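A closer look at the structure
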Amino acid sequence: MHRASHLVAAVALVTAVSGCSQGLSAPWGGSGPSAPGGDGTVRITGAGAFSQPAANLTQAEVARFRIGDRFFTEPWSVPGEGRSAQDGLGPTFLASSCASCHPADGRSAPPGAGDAAPILRFVDADGAGVALDDYGVQLQTASVDGVEAEGTIEVTWNETQQAYPDGTPYTLRTPEVRVTDEAFGSLAGRHASGFRTGPGLIGLGLLEAIDPADIRANTDPDDADGDGISGRASVVASLSGVEMLGRFGLKANIATIADQTALAYLLDLGITSPRYPEENCPDPQVACVRAATGGSPEISAERLAAVVFYGQTLAVPARTGTDDESVVEGRDLFNTIGCDACHIERWVTASHEVEALANQTIYPFTDLLLHDMGPELGDGRTDGVAGPTEWRTAPLWGLGMVRAVNPEAGFLHDGRARSIEEAVLWHGGEGAASRDRFVALDADDRRVLLHFLKSL
């Protein structure tokens, strides 16, 4: 679809939505852990579980959500006859739409199991993130006609066989990354050893609405209490020019959903915006520079705002069976082995520009802080203030529905974990003590704890 027709379709969509219900989802009507997204929690399971508007939005807000959904999901056009690069993707890019990396607003598949290209960003000799003169900050694996893609990412998975103390076997795998078809010179020694896959998007606006002071209250960078957990806050520069608490991105290097959205448009789709008006074309890439014809940003402030609103108001699906004996027992085990030190269950949101997100009691199971997870999960790259082995505590809400939304999805930052169990077993560093306690459980207790995690 030509971009000019997007707006026509969106206007028609507003007209259609304004007189109807909120769609496939329905308010949960519960409270407490069974309603992890507060009043916005929806009652839905299956492939659409992560793609619903928060249940407490007004009809006008649902209409705005649907517009953002359209822009998020529909592929952008590749420039063709009668159109310039300003009308479409690129000139270089990773994906053709936001949904390519976040299928049905869930996690993407790891390499070898899906079509979305993983994200590989560049580092200097010390592992610090850097923009290379000839490649920029991130490897672009696709391009429009007449422009060279920067390279190809090849991933080989290496498996190791291990066993619990009771003899039950399990397998873990690690990725081996290689860049081929390098179009602008060798990247040997100039890129991170790891890569990133797309995370799920539910509840982002609720996380954005948590008071920064509440998040900072859980920091303990010097482990003053001696519990082995030393979470620290990430402070980053927002595009607004103000230093803010980083809480988005796998290493908490992004302050707001608006910042994250605009950056993803630029780096992953090659789409300029009022926040990032310059094309992503390093000077040595002559064909890319030539294709970047300049002019107005490719996505307007209004359209970008609609996608941001969409990201802020994606609902969290309800939980069922929270009072089941096995779920309660599994939650107790989760706390007993210390998982709750980082995966904090309950928060109350503060004020937010979207009223539906304010003053909500939520259950995301995260502290939004950085933790050293050890060399087992290190990716060789510093992001903002986060070192190569530091990661933001991942929210666990919706964990049990990840595979229902995308059967090929993996877990952890690079999709290496093929199950929730494998994700637990990969915990090192500050998570090692809890992992070791999990490993030491008997088979029945491990099963009960995993049953609890799948109930989230």
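Scroll up to find the structure.
Summary of the structure given here. (Residues numbered from 1 in each chain as written. Predicted model: local features only at pLDDT ≥ 70, side-chain atom pairs only at ≥ 80, totals over all residues. Heavy atoms only, no water.)

1. Structural notes on the overall build of the chain
Across its full length, the chain holds 13 helices and 10 strands. Among the 456 residues that make up the chain, the fraction classed as buried is 54%. Considering only contacts in the chain between residues 6 or more positions apart, those separated by 24 or more positions represent 68%. Carbon and sulfur atoms make up 52% of the accessible area of the chain, which amounts to about 18,700 Å² in all. (Helix = DSSP H or I, 4+ residues; strand = E, 2+ residues; numbered from the N terminus. Buried < 20%, exposed > 50% of the residue type's maximum accessible area, 1.4 Å probe, protein only. Contact = heavy atoms within 4.5 Å. Areas by Shrake-Rupley, 256 points an atom, 1.4 Å probe, with all protein chains shown as cover.)

2. With respect to the nonpolar core
Membership of the largest hydrophobic core comes to 65 residues, with the highest contact counts inside it found for Phe72, Trp76, Ile210, Ile215, Tyr265 and Trp397. Going through the elements one at a time, α2 (59-73), α3 (98-101), α4 (204-208), α6 (257-269), α7 (286-291) and α8 (301-312) are the ones with two or more residues in this core. Formed by 34 residues, the second largest nonpolar core is a distinct cluster that contains Phe334, Val402, Trp426 and Val448. (Core = buried A, V, L, I, M, F, W, Y, C linked by side-chain atoms within 4.5 Å.)

3. A closer look at α2
The end-to-end C-alpha distance of α2, which contains 15 residues, comes to 21 Å, matching closely the 21 Å that a straight helix rising 1.5 Å per residue would cover. Along α2, the residues that are buried comprise Glu61, Val62, Ala63, Phe65, Arg66, Ile67, Gly68, Phe71 and Phe72. (Expected span 1.5 Å × (residues − 1).)

4. Overview of helix α12 (residues 432-440)
Buried residues of α12: Ala432, Ser434, Arg435, Phe438 and Val439, and no others. Down the axis of α12, the sector holding all buried residues measures 160°, keeping them to one side. The inward-facing, buried residues of α12 abut α11 (420-425) and α13 (443-454). (Arc of directions from axis to C-beta.)

5. Some remarks on the side chain of Asp268
Position of Asp268 relative to the elements: it lies in helix α6. Within the buried set, Asp268 has no salt-bridge partner at all; the shortest N-O distance to an opposite charge, 4.7 Å, is to Arg121. A distance of 2.9 Å separates a polar atom in the side chain of Asp268 from a polar atom in the side chain of Gln138. If we skip the residues at most four places from it in the chain, Asp268 touches Phe93, Leu94, Ala95, Ile119, Gln138 and Leu263. (Lys, Arg positive; Asp, Glu negative; His and termini not counted. Salt bridge = Lys/Arg side-chain N within 4 Å of Asp/Glu carboxyl O. Polar contact = N/O pair within 3.5 Å; in protein donor to acceptor, adjacent residues only side chain to side chain.)

6. Focus: the packing of aromatic side chains
The tally for this structure, following the rule as stated, stands at 11 aromatic pairs. When the centroid spacing of 5.1 Å and the interplanar angle of 45° are considered together, the rings of Phe72 and Tyr310 count as tilted. Taken together, the residues Phe72 in helix α2 and Tyr310 in helix α8 connect sequence positions 238 residues apart. Across the pair, exposure class does not vary: Phe72 and Tyr310 are buried alike. Ring geometry for Tyr164 versus Phe438: centroids 6.2 Å apart, planes at 70°, classification edge-to-face. Of the two residues, Tyr164 is situated in the loop between β3 (152-163) and β4 (169-180) and Phe438 in helix α12; the sequence distance between them amounts to 274 residues. (Phe/Tyr/Trp six-rings, centres within 6.5 Å; stacked < 30°, edge-to-face > 60°.)

7. Quick look at the pattern of salt bridges
Counted under the stated rule, the structure contains 16 salt bridges. Put simply, Arg70 and Glu74 hold a salt bridge, and the shortest N to O gap is 3.3 Å. Arg196 is the partner of Asp379 in a salt bridge, and the nearest nitrogen-oxygen pair spans 2.9 Å. With Asp379 in the loop between β9 (370-372) and β10 (390-392) and Arg196 in the loop between β4 and α4, this pair connects stretches of sequence that are 183 residues apart.

8. Description of the pairing of β4
Inspection of the sheet shows β3 paired to β4 by 12 bridges, in the antiparallel sense. Pairing of Glu159 across the sheet is with Arg173, part of β4. Adjacent in sequence and paired antiparallel, β3 and β4 are bridged by 5 residues, among which Gly167 carries a positive phi angle near 95°. (Pairing = 2+ DSSP bridges.)

9. Quick notes on the state of the cysteines
One covalent bond between the sulfur atoms of two cysteine residues makes up a disulfide. This model, assessed by the stated rule, comprises 1 disulfide. The disulfide that involves Cys281 links it to Cys288, with 2.0 Å between the sulfurs. One quick way to see it: the torsion about the S-S bond of Cys281 and Cys288 is about -65°, and its sign makes the bridge left-handed. Here Cys281 matches Cys288 in class, with each residue buried. Between Cys101, a free cysteine, and Cys98, which holds the nearest cysteine sulfur, the sulfur-to-sulfur gap is 8.4 Å. Free cysteine: Cys339, not disulfide-bonded; nearest cysteine sulfur from Cys342 at 8.9 Å. For Cys339, a relative accessible area of 17% gives the class buried. (Disulfide = S-S within 2.5 Å.)

10. Structural notes on the side chain of Gln52
On the secondary structure map, Gln52 appears in the loop between α1 (3-17) and α2. Under the relative-accessibility criterion, Gln52 is labelled buried at 5%. Engagement of the side chain of Gln52 in a polar contact is seen with the backbone oxygen of Gly48, the distance being 2.9 Å.

11. Some words on the environment of Gly38
As for its position among the elements, Gly38 is in the loop between α1 and α2. Residue Gly38 is classed as buried on the basis of its relative accessible area of 12%. Along the chain, Gly38 and Ala358 lie 320 residues apart, while their C-alpha atoms are 9.8 Å from each other. Contact partners of Gly38, with chain neighbours within four places excluded, come to Gln360, Thr361 and Ile362.

12. A word on the environment of Arg66
Within the secondary structure, Arg66 is located in helix α2. Distance in space between the C-alpha atoms of Arg66 and Phe309 is 9.9 Å, their sequence separation being 243 residues.

13. Here we look at the packing of helix α9 (residues 325-336) against α13
At a minimum axis separation of 7 Å, α9 and α13 run at an interaxial angle of 100°. By the angle class used here, α9 and α13 are roughly perpendicular. Residues Ser326, Val327, Glu329, Gly330, Arg331, Leu333 and Phe334 of α9 pack against Asp445, Val448, Leu449, His451, Phe452 and Leu453 of α13. The residue makeup of the contact of α9 with α13, split by class, is 7 nonpolar, 3 polar and 3 charged. (Axes fitted to C-alpha atoms, helices over the stretch in contact; angles between N-to-C directions. Parallel < 35°, antiparallel > 145°, perpendicular 65-115°, else oblique. Nonpolar A, V, L, I, M, F, W, Y, C, P; charged D, E, K, R; others polar.)

Without other data, these values stay purely geometric and don't point to any function.
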